[in-house]
Amino acid sequence: MKKQLIALIITVGSFSALAQNAELKEKKSTLNPDAVLIYHVSSNQIKNGPFYIKKPNNDQVLLKGAYTDNKRCGNWYFYDDKGQLETCYSYQQDKLAFIDSTLLSKIAINIPGQTDEVAANSTIPVLLSPMNLFLAQITKELQIPQEHFQDGKPLPIDVISEIDETGAPKYSVSYKYQDKAIKHDVKLKNSNTFNIEWIPASYNKKPIKSQLVVSTAIQSPSDSEDGHQRFKWGY
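Please read these numbers as outputs of a predicted model, since none were measured by experiment.

So, the nonpolar core
At step 1: Among the nonpolar cores identified, the biggest contains 44 residues, and Ile53, Phe134 and Phe194 are the most heavily contacted of them.
At step 2: If you tally residues by element for this core, the top one is helix α4 (residues 131–140), at five residues.
At step 3: Look past the residues within four positions of Phe134 in its chain and what remains in contact with it is Leu127, Ser129, Val159, Ser161, Tyr171, Ile196 and Trp198.

Below you can see the structure in the form of structure tokens.
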């Protein structure tokens, strides 16, 4: 009798899970010309189930994760444009599970206002996005005067992310024009489908302020095929 009861519970649970998945509706949203979001919602428009970001031209996965009742769950994987894993974050364990050494070599981390001991032993801020997608979203909101691009060459820039103790970011882009330091503040638009999120740096399990800097370059709109500014990662 006990075995029959267990079997019944398992069967009912299996049918329940199948029914829940069957009720999910797939939705798509274009984030930029190179990234399409694919996600699922239940009948009450709550995000549940698989969550992907892919390149529209070849279906290359840039992000893979899942939602349960509008909350991120399980492991989230972030890939570069070649399909190589950049980072993996575990929401179950609330920690960074993997970060690619090549990605680490291309970023600079600063811990302002702290002692050398804290700076040397703190965890780094974690970008919960593929780096390419993050830079694309920044350049999408960035307006650089055409005259600042010289001889059709990409303009070297620093993308600066200042992350506070809560994980809230402030973005800016800096570069030089005619030997003058130029700085543009950048604000990303909020979305009900996908937002760039951060896990703050910490020391002794206490969140602290940090800064992450990416050196890249941006292409003039007049030199791109679609008339948009485009970055060159790893320039």
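Resuming the write-up.
Quick notes on the pattern of salt bridges
At step 1: The full count for this structure, using the stated rule, is one salt bridge.
At step 2: Put simply, Glu197 and Arg72 hold a salt bridge, and the shortest N to O gap is 3.8 Å. On the criterion of sequence distance, the pair formed by Glu197 in strand β13 (residues 197–199) and Arg72 in strand β5 (residues 71–79) is long-range, its members being 125 residues apart.
At step 3: Looking at Glu197, the relative accessible area reads 35%, which means it is partly exposed.

A look at the sheet that holds strand β2 (residues 35–41)
At step 1: The sheet built from seven strands is open, its strands ordered β1-β2-β3-β4-β5-β6-β7 with antiparallel pairing. Where the open sheet ends on each side, the last strands, each with one partner, are β1 (25–32) and β7 (95–99). Adjacent strand axes in the sheet meet at a mean angle of 15°, parallel and antiparallel pairs treated alike.
At step 2: Looking at chain direction, β1 and β2 are connected through seven bridges and run antiparallel. If you follow Asn32 over to β2, its bridge partner there is Ala35.
At step 3: Those strands touched by α4 are β1, β2, β3 (47–54) and β6 (85–90), and its axis lies near 60° from that of β1.

Some details on the environment of Lys25
At step 1: Within the fold, Lys25 resides in strand β1.
At step 2: A relative accessible area of 52% places Lys25 in the exposed class.
At step 3: Each C-alpha atom of the pair Lys25 and Ser43 lies 7.7 Å from the other, and the pair is 18 residues apart in sequence.

Overview of α4
At step 1: Burial within α4 is extensive, with nine of its ten residues counted as buried.
At step 2: Residues Met131, Asn132, Leu133, Phe134, Leu135, Ala136, Gln137, Ile138 and Thr139 constitute the buried set of α4.

Notes on the environment of Val213
At step 1: In this fold, Val213 is placed in strand β16 (residues 210–219).
At step 2: Through-space distance from the C-alpha of Val213 to that of Asp158 is 6.4 Å; in sequence the pair is 55 residues apart.
At step 3: Filtering out sequence-adjacent residues up to four positions away, Val213 remains in contact with Lys106, Ile107, Ala108, Asn110, Asp158, Val159 and Ile160.

A few points about the environment of Ile182
At step 1: Relative to the assigned elements, Ile182 resides in strand β12 (residues 180–186).
At step 2: Taking the C-alpha atoms as reference points, Ile182 and Ile157, 25 residues apart in sequence, are found 9.7 Å from one another.

Remarks on the pairing of strand β11 (residues 169–177)
At step 1: Of the pairings in the sheet, the one linking strand β10 (residues 155–163) to β11 comprises six bridges and is antiparallel in character. Paired with Asp158 across the strands is Ser174, a residue of β11.
At step 2: Connecting the antiparallel pair β10 and β11 is a turn made up of five residues, with Gly167 showing a positive phi of about 90°.
At step 3: Relative to β12, β11 runs antiparallel, the two sharing seven bridges. Paired with Tyr177 across the two strands is Lys180, which belongs to β12.
At step 4: Connecting the antiparallel pair β11 and β12 is a turn made up of two residues, with Gln178 showing a positive phi of about 50°.

Scoring rules and cut-offs
Residues numbered from 1 in each chain as written. Predicted model: local features only at pLDDT ≥ 70, side-chain atom pairs only at ≥ 80, totals over all residues. Heavy atoms only, no water. Core = buried A, V, L, I, M, F, W, Y, C linked by side-chain atoms within 4.5 Å. Buried < 20%, exposed > 50% of the residue type's maximum accessible area, 1.4 Å probe, protein only. Helix = DSSP H or I, 4+ residues; strand = E, 2+ residues; numbered from the N terminus. Contact = heavy atoms within 4.5 Å. Salt bridge = Lys/Arg side-chain N within 4 Å of Asp/Glu carboxyl O. Pairing = 2+ DSSP bridges. Axes fitted to C-alpha atoms, helices over the stretch in contact; angles between N-to-C directions.

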